[in-house]
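Per-entry structural report
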Amino acid sequence: MPKYFVWLVSGLLTLAACDNKTTDEQTLPPQPEKVQTSSLKQQIKHNVANNMLQKISVNQDNFLSEFQKLDAAQQYYFCAAFTMGAMSVSKPITASAMVNYFMGLGVVQHNRGIDENTYMAFDFGKNVFHFDKIVNTILQEKICENIIGAATQAAKVKKMKTKEINAIGRKEVEKIVERIKK
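Residues numbered from 1 in each chain as written. Predicted model: local features only at pLDDT ≥ 70, side-chain atom pairs only at ≥ 80, totals over all residues. Heavy atoms only, no water.

Some thoughts on the side chain of Gln-74
Within the secondary structure, Gln-74 is located in helix α5 (residues 72–90). The exposure class of Gln-74 is buried, given its relative accessible area of 8%. Among the polar contacts made by the side chain of Gln-74, one reaches the main-chain carbonyl oxygen of Asn-117 at a distance of 3.2 Å. Each residue touching Gln-74, except ones within four places of it in the same chain, is listed here: Arg-112, Asn-117, Thr-118, Met-120 and Ala-121. (Helix = DSSP H or I, 4+ residues; strand = E, 2+ residues; numbered from the N terminus. Buried < 20%, exposed > 50% of the residue type's maximum accessible area, 1.4 Å probe, protein only. Polar contact = N/O pair within 3.5 Å; in protein donor to acceptor, adjacent residues only side chain to side chain. Contact = heavy atoms within 4.5 Å.)

As structure tokens, then:
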């Protein structure tokens, strides 16, 4: 299962590496106070994701109750990570091409991109592959299929073009890559 995560992270890093834009902000050293606060917040969110993983690792039947605790945007980003991970197993090229699209769909449907809470859910979704019973539950009950399908329909209703969705998603992928780098 860990090789699937390598594919996902590799795809995200490849997409980020393709954009060679530099800004003055990137060249400035980080402010010590902001780094400590941000680092502390990230550690807390990481612990929340780990707590969810611990609960489901003890009893995989806890997955649905933990998943229901996530809000709609968090459930979407969980499913985006899960879907990209699943696709990377069967069609890695397709999965890497869909990264921006899936991330953009989340913004289109929920008007919310990657933030501390949605990233925690995204992280939870990419790490759930360690649990076969949960993966089977997600697939059999079509949990993520329905959530991703609803986001796709929302984009169609809004008459969003793929190019627009990809552009929106590219910004979200950059946020994920930055979080992974930290």
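As for the packing of α5 against helix α9 (residues 143–157)
For the pair α5 and α9, interaxial distance at closest approach is 9 Å and the crossing angle is 110°. When the axis of α5 is compared with that of α9, the two are roughly perpendicular. In terms of crossing hand, the pair formed by α5 and α9 is left-handed. Seen from α5, the contacting residues are Gln-75, Tyr-76, Phe-78, Cys-79, Ala-80, Phe-82 and Thr-83; seen from α9, they are Ile-143, Cys-144, Ile-147, Ile-148 and Ala-151. (Axes fitted to C-alpha atoms, helices over the stretch in contact; angles between N-to-C directions. Parallel < 35°, antiparallel > 145°, perpendicular 65-115°, else oblique. Left-handed = near helix turned anticlockwise from the far one by under 90°.)

A closer look at α9
Taking 1.5 Å as the rise per residue, α9 with 15 residues should run 21 Å; its terminal C-alpha atoms sit 21 Å apart, in good agreement. The complete set of buried residues in α9 reads Ile-143, Cys-144, Ile-147, Ile-148, Ala-151, Ala-154 and Ala-155. The arc that holds the buried residues of α9, viewed along the axis, is 120°, so those residues lie on one side. Among the exposed residues of α9, those oriented more than 90 degrees off its buried face are Glu-145, Lys-156 and Val-157. (Expected span 1.5 Å × (residues − 1). Arc of directions from axis to C-beta.)

Comments concerning helix α10 (residues 162–181)
Between its terminal C-alpha atoms α10 stretches 28 Å, which fits the 28 Å expected from 20 residues at 1.5 Å a residue. Among all positions of α10, only Ile-165, Asn-166, Gly-169, Glu-172, Val-173, Ile-176 and Val-177 are buried.

Some remarks on the packing of aromatic side chains
Summed over the entire model, instances satisfying the criterion amount to eight aromatic pairs. Considering the side-chain rings of Phe-63 and Phe-78, the 5.8 Å spacing of their centres and the 35° angle between planes classify their relative orientation as tilted. Within this pair, whereas Phe-63 is found in helix α4 (residues 63–68), its partner Phe-78 is found in helix α5, the two being separated by 15 residues in sequence. For the pair shown, Phe-63 and Phe-78 are each scored as buried. Ring geometry for Phe-63 and Phe-124: centres 6.4 Å apart, planes at 45°, overall tilted. On the criterion of sequence distance, the pair formed by Phe-63 in helix α4 and Phe-124 in helix α7 (residues 116–127) is long-range, its members being 61 residues apart. A relative accessible area of 2% means that Phe-63 is categorised as buried. Three or more aromatic residues joined by ring pairs form one cluster here, namely Phe-63, Phe-67, Phe-78 and Phe-124. (Phe/Tyr/Trp six-rings, centres within 6.5 Å; stacked < 30°, edge-to-face > 60°.)

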